Every structure is written in structure tokens, then in C-alpha cells.
Amino acid sequence: MKRGSLVIGNWKMNGSASEVDHFAAALKGAEQLPCEVGVCVPFVYIERMARAVAGSQVVVGGQDVADRVDPGALTGAVNARMLGDVGAGDVIVGHSERRSEYGETDQNIVAKVGAALEAGVRPIVCVGETKQQRDAGHFQQVVDAQLDAVLSSFESRELASLVVAYEPVWAIGTGDTATPEEAEEAHSHIRGRVAAYNSELADGCRIIYGGSVKPDNAADIFRQDNVDGALVGGASLNYDSFAAIAAASVEAEQQNKTG
Ligand code: PGA
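Residues numbered from 1 in each chain as written. Predicted model: local features only at pLDDT ≥ 70, side-chain atom pairs only at ≥ 80, totals over all residues. Heavy atoms only, no water.

Overview of the pairing of strand β1 (residues 6-10)
Counting buried positions along β1 gives 5 out of 5 residues, so the element sits mostly inside the fold. Burial along β1 is two-sided: the residues L6, I8 and N10 and V7 and G9 are all buried. Where β1 and strand β2 (residues 36-40) come together, 5 bridges link them in parallel fashion. Residue pairing for β2: N10 is matched across the bridge by C40. Across 4 bridges, the pairing between β1 and strand β8 (residues 229-232) is parallel. (Buried < 20%, exposed > 50% of the residue type's maximum accessible area, 1.4 Å probe, protein only. Helix = DSSP H or I, 4+ residues; strand = E, 2+ residues; numbered from the N terminus. Pairing = 2+ DSSP bridges.)

Encoded structure:
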């Protein structure tokens, strides 16, 4: 079964007010969006982007969230209710840059997923191994541990909106993307792991690929059975390349249906 494609941009710590405006105008100007599309921008631009794309089907998201929803004395933190309040429908949780640069643990990530779910914001949970872990033959154990932390902490029905992003760390921002076969192997493994908790959840769960997705490699990756879209970093900063990736996902989906 193929689930509908989902293509999410991850701007990371990039962009400016005028870039938000340009991107939003292009998104809104597109006659029809080929698939479900979202863009996760820095906190300070969420509201601007959300207002600019209001009335379209584009989902705006954050890139991180506090590990609790209640307001309180936590300088610098932004909770999931605040994200929802300014128009965010999605949030990326557990990106490898947050794991490596800010020391986020699986425990932190579980708390953040819980906070997002409580506030009705869809969590996009990133998992993936480093080059060293892959070379040592440990990619499945690494990904399983990251997944299990989340899957074992909630009831399957609570995770109905969960999106998993498989992002091999060695492919992020390096131009060194996973081959379509490597992506499919990892995605089908992830789906199997989710199925061990709940097969219905596994069937419906979108597992998207991230790591140097570009217009010229997107279609081959999207054609894989268990790849349901992409989390796009660098190439999402430019509207044309982002739109080309979204278009490639739909092309691949149609080919899968007819082929
Ligand atoms: P990239 O980033 O597309 O620039 O490799 C992907 C990501 O980190 O989400």
C-alpha cells in the first residue's frame, strides 16, 4: 500500500523575512500543489509564513519544541501550544543536529513528542545512524533504539499522526545521499519495527527520507515502496527546487500505481 506523499522543507537556521515572503508567494501562486507539502521554518518566521500561506493546503511547522506544554519559567523555550497558536501544524523532533549539537537524548525526544501530541501538533520524528555506526553494521540497532523509545512510550492510537523521517546522518547536507536501495532497506525495516507495535499504525505511518534530496535524485528515492516523501533541507530554501522535488514525488506515486 502506498500512502500519499508528504514533502516537508526544513529551513534549519536559514531564511529572512523577505525570503519567507518570496517563498510563500511562490507556494500560493502554484496552481495546485502536487502533494501534501509543509515547510518548517525558524520559530520567529512561523507566524509570518502561516499568515502568508493561509487558505492554501501548505502546513507550516517548527523545527523543535519544548518538552512540556504548560507555560512556566523556562527561558528561551517555546511550547507546542504556542506553535499551534501561531499556525504551526507540524514540528520536527529529534533531528540529528539537535541530538549531536544540543545533546538531545531519546528521553528528551519522547517528552517533546508527548508535548506535541498533547497540543495537537504533528510530530515528525527523525531517526538515523552515523557513518561510523553504518560502517560497523549497526544501523538497524541504532534506528531501532531511537524508534523504540517513542513507540514504547505511547499508545498506538496516540501516535496516529506520527511521521517518521529516516535521515542517515552521513547523508545530511553532504550531497552523499542514500541509494534508493539503501533507503528502501531502511524504510522497510522501520515499517517492520512499527508493525511490531501495531500493524495498522505501520500501514498508515508516513516514513519520509531525508539527506541530500535534490530534484535530480528525488524520483528514484520516491519510487521505493516504503518511501512516502521527503524531509528536504538545503534544497527547500529555493522554491523551484523544492517544488521540483514535490512534483517528483507525485510522478513516482503515479508510476507506482500504473507500473
Ligand atoms: P539536507 O538536510 O537535505 O540539506 O541534506 C536534510 C535534513 O537535515 O533534514
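Description of the nonpolar core
Counting residues in hydrophobic clusters, the biggest one holds 72 residues, and the most contacted among them are M49, I190, Y209 and F222. Ranked by the residues each element gives to this core, the list is headed by helix α11 (residues 239-258), at 7 residues. The contacts of M49, once residues within four sequence positions are left out, are W11, V20, F23, A24, V39, V41 and V60. With 10 residues, the next largest nonpolar core counts I124, C126, A165 and I208 among its residues. (Core = buried A, V, L, I, M, F, W, Y, C linked by side-chain atoms within 4.5 Å. Contact = heavy atoms within 4.5 Å.)

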